[in-house]
2 protein chains.
Amino acid sequence: MELTNKQITVIFKALCDENRVQIVRLLQNGEKCACRLLEALQCTQPTLSHHMKILCDSGLVVGRKEGKWMYYSISAEGTDIAVQCLRELTKVSESSGCCCK
Amino acid sequence: MELTNKQITVIFKALCDENRVQIVRLLQNGEKCACRLLEALQCTQPTLSHHMKILCDSGLVVGRKEGKWMYYSISAEGTDIAVQCLRELTKVSESSGCCCK
DNA sequence: AAAACATATTGACAGCTTTCTATTTATATG
DNA sequence: CATATAAATAGAAAGCTGTCAATATGTTTT
């Protein structure tokens, strides 16, 4: 998995905003309709729509349209990529000196 | 480990900027002096200092002062917290319906 | 076809981020 | 002690982000 610096920022930008973190928490209970999220979120519908776009762009969340409703859920694949990305990015190479370099 | 939404945003804000992602990559090879990072980074010294502050605030990076030099490295503890935080945040509860809710 | 509803898009504005130059603080050296 | 060096801070400018009101798009129902 080779991600550019730019792609990495897109993933983690999703979690840079308190409202979006809250949305992810709400989705931990399973797939939710946008209107349900809106009820829980003290913001307007366009603002929610904006946040959902950023979450979907990051890959952490996926949307599914059903009639006039939009259902969102946490993406297992997307979150696996994010976790692996974070692990690899913060992994210190074995040949690197400890604190005594 | 109970982090607030705000604390979570502070962690991931560190990785929302391409320059900071690049800095973390540079630190994968081990502890580095600020002046070394500056050489590799096409930005001014105050800008680097600003980014290092955000990285340290996130806990992903730690700084160590030695004389007039400042040495930075990836924090094993901080990155473990970040990975665990990301895992927990994106974990879907077992009782949640699949796609058929 | 018209009305109602759910969501997305547009455009505007306030506030935050990134970046720079200039300056300050702290440390080492002649 | 004066000078040089490394890093942090202050202040300002440009650009990005989050937010809203208004509007558009798409879907269902009457």
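For the structure, see preceding data.
Figured I'd write up the structure that's included with this text. (Residues numbered from 1 in each chain as written. Chains lettered and ligands numbered in written order. Predicted model: local features only at pLDDT ≥ 70, side-chain atom pairs only at ≥ 80, totals over all residues. Heavy atoms only, no water.)

Some words on the state of the cysteines
Summed over the entire model, instances satisfying the criterion amount to one disulfide over all chains. Two residues share a disulfide in this structure: A:Cys16 and B:Cys16, whose sulfurs sit 2.2 Å from each other. Between A:Cys16 and B:Cys16, the disulfide has an S-S torsion of 105 degrees and is therefore right-handed. Remark: B:Cys16 occurs in the loop between helix 1 (5-13) and helix 2 (18-27) and A:Cys16 occurs in the loop between helix 1 (5-13) and helix 2 (18-27); the pair is interchain, linking two chains. Just so you know, A:Cys43 is unpaired, no disulfide at all, and the nearest cysteine sulfur is the one on A:Cys35, 13 Å from it. Its relative accessible area of 22% is what places A:Cys43 among the partly exposed residues. (Disulfide = S-S within 2.5 Å. Helix = DSSP H or I, 4+ residues; strand = E, 2+ residues; numbered from the N terminus. Buried < 20%, exposed > 50% of the residue type's maximum accessible area, 1.4 Å probe, protein only.)

Regarding the protein's contact with DNA strand D
Neighbouring DNA strand D are 24 residues, the closest being A:Asn19, A:Thr47, A:His51, B:Gln45 and B:Ser49. Counting only the atoms of DNA strand D within 4 Å of the protein, the fraction contributed by sugar and phosphate is 71%. At 3.3 Å from a sugar or linking oxygen of DNA strand D is found a main-chain nitrogen or oxygen belonging to B:Lys68. Between DNA strand D and B:Tyr72, the relevant distance is 3.0 Å, taken from a phosphate oxygen to a side-chain nitrogen or oxygen of the residue. (Near = heavy atom within 4 Å. Polar contact = N/O pair within 3.5 Å; in protein donor to acceptor, adjacent residues only side chain to side chain.)

Considerations on the packing of aromatic side chains
Between two aromatic rings, the relevant description is the distance of the centres plus the angle of the planes. Summed over the entire model, instances satisfying the criterion amount to one aromatic pair over all chains. Here A:Phe12 and B:Phe12 contribute two aromatic rings whose centre-to-centre distance is 5.7 Å and whose plane-to-plane angle is 0 degrees, an arrangement assigned as stacked. Note that A:Phe12 is positioned in helix 1 and B:Phe12 in helix 1, a pairing that runs across two chains. Assessed through its relative accessible area of 0%, B:Phe12 is described here as buried. (Phe/Tyr/Trp six-rings, centres within 6.5 Å; stacked < 30°, edge-to-face > 60°.)

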